Amino acid sequence: MTGSFYSAVVVLVLFAAFPFYWMLITAFKTDGDLYNLQSIPYWFNAAPTLEHLDYLFNKTLFLRWLLNTAIIGVCVVAITLVVSLPAGYSLARMPGRSAENLGIGIFLTYLVPPTLLFLSLSRVISWLGLQDSIWSLVVVYPTFTIPFCTWLLMGFFKSIPREIDEAAIVDGCTMLGAFIKTILPLSLPAILTVVIFAFTLTMQEFVYALTFISSSDQKPVTLGVATDLVRGDVYYWGELMAAALITSVPVAIAYNLFLDRFISGITGGAVK
């Protein structure tokens, strides 16, 4: 039984790690090694090279794309927290089934595909004068991060007993004071979950970015890599894999470092 368990773990680890390994070796392979059909693709058949990283960092706006992504992500996460925290708490404390139905309705707006919304949202962006700017994405992205995170937080806040709020109010806190001083400290796993989810959603979004951004210096990393490193039928595979590796590894590390809190937030949290 133990041998079967560890065998299954090894298989799953290899399955999960293989994309990172593939991106790593592709990023350091020479073009001749990459396109040689006679070469074994799973390791280096020629000496590794840094030419793909040199091209990525010095001949593209990759660093600018990373900065744009970071700015968009931080702003969207802040907006999402400011709106979804009080919204989720209010829905969790509303009496009756109306709160649950309202929460489901809010979550359903998250499921509306971007292909149905980008035309109407483009009118809003045009009216605000934010065309071809990263701030257009800061305005648009909360339309799908807030509904999902509100629904997520509502489930977590429901797991916190109402007696905690009532005890804080009896001690002299207002409803807002009770929320800030007692509920938020207990909600750190859920808040961390929301931060990770919202930032990840902004990093992987493509349709809105493609619709609203055309200038290379305003593109987030997802759009910049896909449009500037793929030209017609020419794929810069080394640069593509290097960019994918650089952007995906920090997210994977963050998920692993905060895995316990992340799972706690997803499953409803715990109250001491």
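Quick note: structure is the one above.
Residues numbered from 1 in each chain as written. Predicted model: local features only at pLDDT ≥ 70, side-chain atom pairs only at ≥ 80, totals over all residues. Heavy atoms only, no water.

Student: With reference to specific residues and values, describe the packing of helix 4 (residues 62-93) against helix 10 (residues 175-186).
Tutor: The description of two helices packed together rests on the angle between their axes and the distance between the axes. Across the interface, helix 4 lies against helix 10 with an axial gap of 12 Å and an inter-helix angle of 100 degrees. Viewed along their axes, helix 4 and helix 10 adopt a mutual orientation that is roughly perpendicular. On the side of helix 4, the interface is formed by L85, P86, Y89 and R93, while helix 10 contributes M175, F179, I183 and L184. Grouping the amino acids of the contact of helix 4 with helix 10 by side-chain chemistry returns seven nonpolar, no polar and one charged. (Axes fitted to C-alpha atoms, helices over the stretch in contact; angles between N-to-C directions. Helix = DSSP H or I, 4+ residues; strand = E, 2+ residues; numbered from the N terminus. Parallel < 35°, antiparallel > 145°, perpendicular 65-115°, else oblique. Contact = heavy atoms within 4.5 Å. Nonpolar A, V, L, I, M, F, W, Y, C, P; charged D, E, K, R; others polar.)

Student: Outline the pattern of salt bridges, supporting the account with residue identities and numerical values.
Tutor: Side chains that differ in charge, positive against negative, can pair when their charged atoms come close. Applying the stated criterion to the full structure yields one salt bridge. D228 is the salt-bridge partner of K219, the closest N and O atoms lying 2.9 Å from each other. Here K219 matches D228 in class, with each residue buried. (Salt bridge = Lys/Arg side-chain N within 4 Å of Asp/Glu carboxyl O. Buried < 20%, exposed > 50% of the residue type's maximum accessible area, 1.4 Å probe, protein only.)

Student: Quick rundown of the side chain of T26? Include the residues and the values.
Tutor: Note on placement: T26 falls in helix 1 (residues 2-28). Leaving out residues up to four positions away in the same chain, T26 has contacts with L34, H52, W237, G238 and M241.

Student: Quick rundown of the nonpolar core? Include the residues and the values.
Tutor: Judged by nonpolar contacts, the single largest core of 22 residues is most densely connected at L81, L85, L153, F157, F179, I183 and V194. Of all the secondary structure elements, the ones that give two or more residues to this core are helix 4, helix 8 (142-158), helix 10 and helix 11 (188-204). Looking at this core, the element that brings in the most residues is helix 8, giving seven residues. Not counting chain neighbours up to four residues away, the residues in contact with V194 comprise T80, L81, C149, L152 and L153. (Core = buried A, V, L, I, M, F, W, Y, C linked by side-chain atoms within 4.5 Å.)

Student: Describe helix 4, naming the residues involved and giving the relevant values.
Tutor: For helix 4, spanning 32 residues, the distance from its first C-alpha to its last is 45 Å, which sits close to the expected 46 Å at 1.5 Å a residue. Where helix 4 bends most, at S84, the angle is about 25 degrees, and the proline P86 comes one to four residues later. (Expected span 1.5 Å × (residues − 1). Bend = angle between axes of the 7 residues up to and from the residue.)

Student: Quick one: what's the story with the environment of M241, residue by residue and with numbers?
Tutor: Among the secondary structure elements, M241 is positioned in helix 14 (residues 237-257). With 38 residues separating them along the chain, M241 and M203 place their C-alpha atoms 16 Å apart. Not counting the four nearest positions on each side in its chain, M241 is found in contact with W22, M23, T26 and A27.

Student: Run through the packing of helix 3 (residues 51-58) against helix 14, naming residues and quoting values.
Tutor: Where helix 3 contacts helix 14, the axes come no closer than 9 Å and their chain directions differ by 70 degrees. Judged by the angle between their axes, helix 3 and helix 14 are roughly perpendicular. On helix 14, the residues touching E51, H52, L53, Y55, L56 and F57 of helix 3 are G238, E239, A242, A243 and I246. Taken together, the residues that form the contact of helix 3 with helix 14 break down as seven nonpolar, two polar and two charged.

Student: Let's hear about the side chain of T150: which residues, and what values?
Tutor: Structurally, the position occupied by T150 is in helix 8. Residue classification places T150 among the buried positions, given a relative accessible area of 2%. Separated by 2.7 Å, the side chain of T150 and the backbone oxygen of I146 make a polar contact. (Polar contact = N/O pair within 3.5 Å; in protein donor to acceptor, adjacent residues only side chain to side chain.)

Student: Could you give an account of the packing of aromatic side chains, naming the residues involved and the relevant values?
Tutor: This structure, assessed with the given rule, holds 16 aromatic pairs. Ring centres 5.9 Å apart and planes at 40 degrees place the aromatic pair F18 and W22 in the tilted group. In this pair, F18 and W22 both sit in helix 1, four residues apart, roughly one turn of the helix. For F18, a relative accessible area of 38% gives the class partly exposed. Using a relative accessible area of 30% as the deciding quantity, one classes W22 as partly exposed. Ring geometry for F144 and Y208: centres 6.2 Å apart, planes at 15 degrees, overall stacked. (Phe/Tyr/Trp six-rings, centres within 6.5 Å; stacked < 30°, edge-to-face > 60°.)

Student: Can you lay out the environment of L176 for me, pointing to particular residues and giving the numbers?
Tutor: Note that L176 resides in helix 10. The sequence separation of L176 and P86 amounts to 90 residues, and the corresponding C-alpha distance is 9.2 Å.

Student: Could you give an account of the layout of surface pockets, naming the residues involved and the relevant values?
Tutor: Its boundaries defined by the atoms lining it, the largest pocket holds a volume of some 260 Å³. In terms of lining residues, the largest pocket is bounded by 15 residues, among which F199, M203, P250, V251 and A254 are the most central. The set of elements that each furnish at least two residues to the lining of the largest pocket consists of helix 4, helix 11 and helix 14. Take the lining of the largest pocket: its biggest share by element is six residues, from helix 14. Split by residue class, the lining of the largest pocket holds twelve nonpolar, three polar and no charged. (1 Å grid on protein atoms, 1.4 Å probe; cavity = no way out; pocket = protein on both sides within 12 Å on 5 of 7 lines; lining within 4 Å. Points joined across faces, edges and corners; volume = space filled by probe spheres on them.)

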